[in-house]
Amino acid sequence: MPAKTKEFGADSALPASDDALGVAVSVRGLRHSYGELSTIERLDLDVPAHGVLGLVGPSGCGKSTLLELIAGLREPTGGEVALGEGLDPAARLARCAFMPQRDLLLPWLSAIDNAALALRNRGVRRGAARREAGQLFERFGLAGFERSSPAELSGGMRQRVAFLRTLVAGKPVLALDEPFASLDAITRAEMQEWLAGALDADPRTVVLVTHDVEEALYLCDRVAVLSARPARIVEEMSAPAPRAADRDEAVTDPEFVALRERALHALRGGTR
Amino acid sequence: MRRWVLPALLIAGLVGAWQIAATTGAIADALNLDPLLIPSPAEIATALWDSRSLVAENAWVTLKEIFFGFLIGLAAGLAFGFLLRPFETLRLTFYPLIVASQAIPIIVFAPILVVWFGYGIGPKLAVVALVCFFPIAVATADGLRAVDLQAVKMMRTLDASRRQLLWRLEMPTALPFTFSGAKIGVTFAPIAAVFGEWVGSDSGLGHLILQDNAQLNTARVFAAALVLSAIAIGLYGLVALAERRVVTWR
């Protein structure tokens, strides 16, 4: 293997310093506003290393803003966000990969080149970047689609490639913004199972924003229910652990159903 | 099949009708003109064949004016679009000037260019470049502004530098726009070149047309116009072909 690729070699999915131990996310007294409009007010959150936190809340409550704050794409009006040791936006950007709502695959690149974008941005040669991303294609059921253009892929496949692109970035923290919102119910259920498997195989610290309570409870260790703007946490609960491999079984479990009702109640009731 | 055969049939039909109308004197009668002034397609073809080396010589001059003028306009348009992209203030400062460059009527501008630069290729290149520059510059600038902001955020978390953002995201986004601008530019370029020649030149298809027109050599005027159209169609085809080869994702 050429010297250049070694830095980001086969096991580089995790960068050297933050390695397999993962990085915790800590949010303290976070405030954010767009001018007069307050979107987030005194928010505290903790996600342990390799923990998966779900954020559920009404539309427009500032969930996406919160994710961008965590990812280092925005600066808070007050309070602080820390990813491990990383406090300032550049340090957060270095530790967090962001998966937007739409897959945003670049239509001029093949599936594998889309997945390998982060490696290419870091200066890895095309061949080496493809090889590395290709290993993940095999592991995550995308083998054979490396050369396909995004337009040739189904919605679920595109979302998988988009997730691999996030994974290949090798950041210890993943910020996922409603990753499956645009998919139909059946594909979404499949993708949730797939993501659960992917996170088991390659654990990361995840903050997942969704409007789907069931998705949050199935995929996450903990779920926080946010109020309408300005966002505050109105309810926080542990999801049933460990994640059952079979999604249908998991979501019909009485304990799961009870938690879902609790979360939905909190979502509807807002404060109390 | 339908794409080629039907247009070909239509053109053949029109040329045939023109041939009959011209040889029977129907057009001349209708316009109340001397039949000598209305060349038939056969006469135009003959004129083209008889003066082939003269037409080719002048066509070569005009082709060079169009081609290099277009390239200069393309380079300037791309430069404007891309170089001013990172500097919003610069872009806003220059934008009115760019629009103004197009508002200056070339009909006023071209004679001054001849006064300044003489009868050579310079003024023609300037006129052609000026005409091509505007659609390309505006299309490229608009294309760069069409970049998806979410995609920019995504690229930033994937460690893209400013330059990588430009090459991997912004430029491919703008490319189809640039090509649209280039297709508009290349369509106007032959007209601009001919106009540049009319204002002052000693060769070129426009020069030939002007001379023949004065001598009532209408058959060769049509012949020169025919060659000019062929050049225009050919260049448009080249740009369209380049677009198909480069913008494969549309």
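Residues numbered from 1 in each chain as written. Chains lettered and ligands numbered in written order. Predicted model: local features only at pLDDT ≥ 70, side-chain atom pairs only at ≥ 80, totals over all residues. Heavy atoms only, no water.

**Some remarks on the overall build of chain A**
Tallying secondary structure elements over chain A gives 11 helices and 9 strands in all. Contacts spanning at least 24 positions in sequence make up 68% of the contacts within chain A whose residues lie at least 6 apart. For chain A, the exposed area adds up to about 11400 Å²; of that, 51% sits on carbon and sulfur atoms. (Helix = DSSP H or I, 4+ residues; strand = E, 2+ residues; numbered from the N terminus. Contact = heavy atoms within 4.5 Å. Areas by Shrake-Rupley, 256 points an atom, 1.4 Å probe, with all protein chains shown as cover.)

**Quick notes on the nonpolar core**
For soluble globular proteins, nonpolar side chains are generally found buried alongside one another. Of all hydrophobic cores here, the largest spans 69 residues; its most connected members are F163(A) and L164(A). Beyond its immediate chain neighbours, meaning those up to four positions away, F163(A) contacts M99(A), L174(A), L176(A), W194(A), L195(A), A198(A) and L199(A). Listed in part, the 30 residues of the second largest apolar core include V186(B), A192(B), A193(B) and L208(B). (Core = buried A, V, L, I, M, F, W, Y, C linked by side-chain atoms within 4.5 Å. Buried < 20%, exposed > 50% of the residue type's maximum accessible area, 1.4 Å probe, protein only.)

**Some words on the pairing of strand β9 (residues 233–238) of chain A**
Residues and elements named next belong to chain A. Inspection of the sheet shows strand β8 (residues 222–226) paired to β9 by 5 bridges, in the antiparallel sense. Opposite V225, over in β9, you have E235 as the bridge partner. In textbook terms, the turn of a hairpin is the stretch between consecutive antiparallel strands, and for β8 and β9 this stretch comprises 6 residues. (Pairing = 2+ DSSP bridges.)

**Details of the confidence of the model for chain A**
Residues and elements named next belong to chain A. Here chain A averages 81 in pLDDT, and 90% of its residues register 70 or above. Mean pLDDT values over the elements of chain A span from 36, in helix α1 (residues 3–6), up to 92, in helix α4 (residues 111–115). Within the model, pLDDT remains below 50 along residues 1–18, and this stretch shows 27 contacts once partners closer than five positions in the same chain are excluded. (pLDDT = per-residue confidence, 0-100.)

**Quick word on the pattern of salt bridges**
Applying the stated criterion across every chain yields a total of 20 salt bridges over all chains. For D159(B), the salt bridge goes to K171(A), with nearest N and O atoms at 3.2 Å. One end of the pair, D159(B), is in the loop between α8 (149–157) and α9 (162–199); the other, K171(A), is in the loop between α7 (155–168) and β6 (173–177), on a second chain. Residue class for D159(B) comes out partly exposed when judged on its relative accessible area of 28%. For K171(A), a relative accessible area of 2% corresponds to the buried category. Several salt bridges share partner residues, and in doing so they unite R28(A), D44(A) and D46(A) into one network. (Salt bridge = Lys/Arg side-chain N within 4 Å of Asp/Glu carboxyl O.)

**Quick notes on the sheet that holds strand β1 (residues 25–34) of chain A**
Hydrogen bonds along the backbone pair up the strands of a sheet, which may run parallel or antiparallel. All names here are of chain A. Across the sheet, which stays open at both edges, the 3 strands sit in the order β2-β1-β4 with antiparallel pairing between neighbours. The sheet terminates laterally at β2 (37–47) and β4 (78–83), the two strands that pair on one side only. On average, adjacent strands in this sheet sit at an angle of 25° to one another, irrespective of strand direction. Sheet topology note: the β1/β4 ladder contains 5 bridges and is antiparallel. Bridge pairing links V27 to V81 in β4. (Axes fitted to C-alpha atoms, helices over the stretch in contact; angles between N-to-C directions.)

**Notes on the interface of chain B and chain A**
Contacts between the two partners involve 17 residues from chain B, matched on the other side by 22 residues from chain A. Of all residues in chain B, the largest losses of buried area upon contact with chain A belong to T157(B), L158(B) and R168(B), amounting jointly to 33% of the total for that side. Remark: the boundary between chain B and chain A carries 4 salt bridges. K153(B) is paired through a salt bridge with E68(A); the nearest N and O atoms lie 2.8 Å apart. Connecting chain B to chain A are 11 residue pairs in polar contact (both at pLDDT 80 or more). (Buried area = accessible area lost by both parts, 1.4 Å probe. Polar contact = N/O pair within 3.5 Å; in protein donor to acceptor, adjacent residues only side chain to side chain.)

**Here's the deal with the packing of helix α5 (residues 88–103) of chain B against helix α7 (residues 121–145) of chain B**
Residue and element names in this part refer to chain B. For the pair α5 and α7, the least separation of the axes is 10 Å and the interaxial angle reads 150°. α7 is crossed by α5, and the crossing has left-handed handedness. From α5, E88, R91, Y95, I98, V99, S101 and Q102 reach across to α7, where they touch L130, V131, F133, F134, V138, D142 and R145. Here the contact of α5 with α7 is composed, by residue class, of 8 nonpolar, 2 polar and 4 charged. (Left-handed = near helix turned anticlockwise from the far one by under 90°. Nonpolar A, V, L, I, M, F, W, Y, C, P; charged D, E, K, R; others polar.)

**What to know about a negative patch on the surface**
All names here are of chain A. A cluster of acidic side chains, namely D184, E190, E193, D246, D248, E249, D253 and E255, defines a negative patch on the protein surface. Mapped by element, the contributors of at least two residues to the negative patch are α8 (185–201) and α10 (247–252). Along the chain, E190 turns up in helix α8. (Patch = residues over 30% accessible without salt bridge, like charges linked within 9 Å, V, L, I, M, F, W, Y side chains within 5 Å. Lys, Arg positive; Asp, Glu negative; His and termini not counted. Charge placed at Lys NZ, Arg CZ, Asp CG, Glu CD.)

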